[in-house]
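# Observations on chain architecture
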Amino acid sequence: MKSVRAALDAPTVPESMPLLEVRDLAMTFRGGVRAVDGVGFEVAQGETLGLVGESGCGKSTTGRMIVRLLEPTSGTVHLNGQDITHLSQRELLPLRGTMQMIFQDPFSSLNPRHTVNQIVAGPRRVLGRDQVIELLERVGLAPEHADRFPHEFSGGQAQRVGIARALANGPKLIVCDEAVSALDVSIRAQIINLLSDLQEERGLAYLFIAHDLSIVRHVCTRVAVMYLGRIVEIGPAASLYSDPAHPYTRALLSAVPVADPKIEAVRERIVLRGDPPSPAAPPPGCSFHPRCALAQRRCESEAPQLREVRGRKVACHYAETSA
Ligand code: SF4
């Protein structure tokens, strides 16, 4: 029987070609609600891109369009250089193993009537029982867990089952949609460490969706910050955390607690005014202007485009002066 590693082998991608390329992706729901508005980014093989923003900013919708659980209104998604935006579900089948998704609530995504063995092996029984057990052990579960049902697990264990299932077909890209947000802090750290180890072993790329910059801090190579359906800042994680250029990124970062009590005591907190506006009626100009402490008259009428500022891309007219 093939080893799990052999079973997981998947076609490789030329190094220069991004594994995932998203261009001008948009989603307009019924009633004209523009949940995602012209989002674009690339993810390289083996890289982790964090996609961060408040609830309702369009980050999960973006993730679901990428794995084609939702049909985009416009824009394109390329995987391994292949345009997958308009492939039928049948045409997508061979690619389903290459890109997988891990969800916030593992219980809602695991069939309650199937054993873990059935869940991980998949409907087409891609893996034999020995391979399922090998995978379960790799994600920190025991062989006897193969015969149990999802309701017999804790949240952390169920998430491990979700990870094993995602690994079954040898993915190259995993979209982690708030995959650790609902877990206790200690379990969260264990799952993040597991995902990091798996990435190193298997050259996985992650799109790591989270509402909180602290969750993605230690796992991301680059970070994209979304606000009201658009990316407002995207760049290398190290510089974005140490020197955020967009006022919204600075506000999100200021909400992240610091471990050192002395720094925590004097930490500047930027409190955002009000709630995010409804995507059904976005403000004119810069959509962040009603909540931005730096807003000028120009911001009320002119929407800023993403442009290069201090080694990353930022959508703010005054990004140079906001440091
Ligand atoms: Fe604030 Fe204006 Fe920059 Fe928008 S463009 S983030 S309102 S300063």
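Thresholds, definitions, all that
- Residues numbered from 1 in each chain as written.
- Predicted model: local features only at pLDDT ≥ 70, side-chain atom pairs only at ≥ 80, totals over all residues.
- Heavy atoms only, no water.
- Helix = DSSP H or I, 4+ residues; strand = E, 2+ residues; numbered from the N terminus.
- Buried < 20%, exposed > 50% of the residue type's maximum accessible area, 1.4 Å probe, protein only.
- Contact = heavy atoms within 4.5 Å.
- Axes fitted to C-alpha atoms, helices over the stretch in contact; angles between N-to-C directions.
- Parallel < 35°, antiparallel > 145°, perpendicular 65-115°, else oblique.
- Left-handed = near helix turned anticlockwise from the far one by under 90°.
- Pairing = 2+ DSSP bridges.
- Salt bridge = Lys/Arg side-chain N within 4 Å of Asp/Glu carboxyl O.
- Phe/Tyr/Trp six-rings, centres within 6.5 Å; stacked < 30°, edge-to-face > 60°.
- Lys NZ or Arg CZ within 6 Å of the ring centre and 35° of its normal.

### Considering unusual backbone geometry
- Despite not being glycine, glutamate 178 shows a phi value in the positive range, around 50°.
- Here glutamate 178 is to be found in the loop between strand S7 (173-177) and helix H8 (185-202).
- Since its relative accessible area comes to 8%, glutamate 178 is described here as buried.
- Notably, arginine 310 is not glycine yet its phi reads approximately 45°, a positive angle.
- For arginine 310, the location among the structural elements is in the loop between strand S11 (307-309) and strand S12 (312-314).

### Quick look at helix H11 (residues 247-254)
- Of all 8 residues making up H11, 7 are buried, and the element is well covered by its neighbours.
- Every buried residue belonging to H11 is among Pro247, Tyr248, Thr249, Ala251, Leu252, Leu253 and Ser254, and all of these are buried.
- Summarising the contacts, the buried residues of H11 are in contact with strand S3 (48-52), helix H9 (213-216), strand S9 (222-227), strand S10 (230-236) and helix H10 (237-242).

### Notes on the packing of helix H7 (residues 155-167) against H8
- One way to put it is that H7 packs onto H8 with a least axis distance of 10 Å and a crossing angle of 15°. Classed by the angle they form, the pair H7 and H8 counts as roughly parallel. The chirality of how H7 crosses H8 is right-handed. Between H7 and H8, the contacting residues are Gly156, Arg160, Ile163 and Leu167 on the first element and Ile187, Gln190, Ile191, Leu194, Leu195, Leu198 and Arg202 on the second.

### Considering the sheet that holds strand S5 (residues 82-83)
- Reading across from one edge, S2-S1-S4-S5 is the order of the 4 strands in this open sheet, with antiparallel pairing throughout. The two strands at the open ends of the sheet, each matched to only one other strand, are strand S2 (33-43) and S5.
- Two strands pair when backbone bridges link them, and strand S1 (residues 20-29) and S2 are joined in this way by 8 bridges, in the antiparallel orientation. When the sheet's bridge partners are listed, leucine 20 is paired in S2 with valine 43.
- Against the sheet, helix H2 (residues 59-66) touches S1, S2 and strand S4 (74-79), its axis set at about 115° to S1.

### Here we look at the pattern of salt bridges
- In this structure the tally under the stated criterion is 17 salt bridges.
- The closest approach of N and O atoms between arginine 222 and glutamate 47, which form a salt bridge, is 2.7 Å. A residue pair is termed long-range when its members are at least 10 positions apart, and arginine 222 in strand S9 and glutamate 47 in the loop between S2 and S3 qualify at 175 residues. Both residues of the pair, arginine 222 and glutamate 47, belong to the buried class.

### As for the packing of aromatic side chains
- Within this structure, the stated rule accounts for 3 aromatic pairs.
- For the pair tyrosine 227 and phenylalanine 288, a centre-to-centre distance of 5.0 Å together with 80° between the ring planes defines the contact as edge-to-face. Of this pair, tyrosine 227 sits in strand S9 while phenylalanine 288 sits in the loop between helix H12 (261-266) and S11; the two residues are 61 residues apart in sequence, bridging distant segments of the chain.
- We classify tyrosine 227 as buried; its relative accessible area is 2%.
- What makes phenylalanine 288 buried here is its relative accessible area of 3%.
- Aromatic side chains tyrosine 248 and phenylalanine 288 sit 5.3 Å apart centroid to centroid with 65° between the ring planes, which places their arrangement in the edge-to-face category. Here phenylalanine 288 lies in the loop between H12 and S11 and tyrosine 248 lies in helix H11, a separation of 40 residues in the sequence. For the residue pair tyrosine 248 and phenylalanine 288, the accessibility class agrees, reading buried in each case.
- Feature note: the residues Tyr227, Tyr248 and Phe288 constitute an aromatic cluster, connected by ring pairs.
- The aromatic ring of tyrosine 318 is capped on one face by arginine 298, whose charged end is 5.9 Å from the ring centroid.

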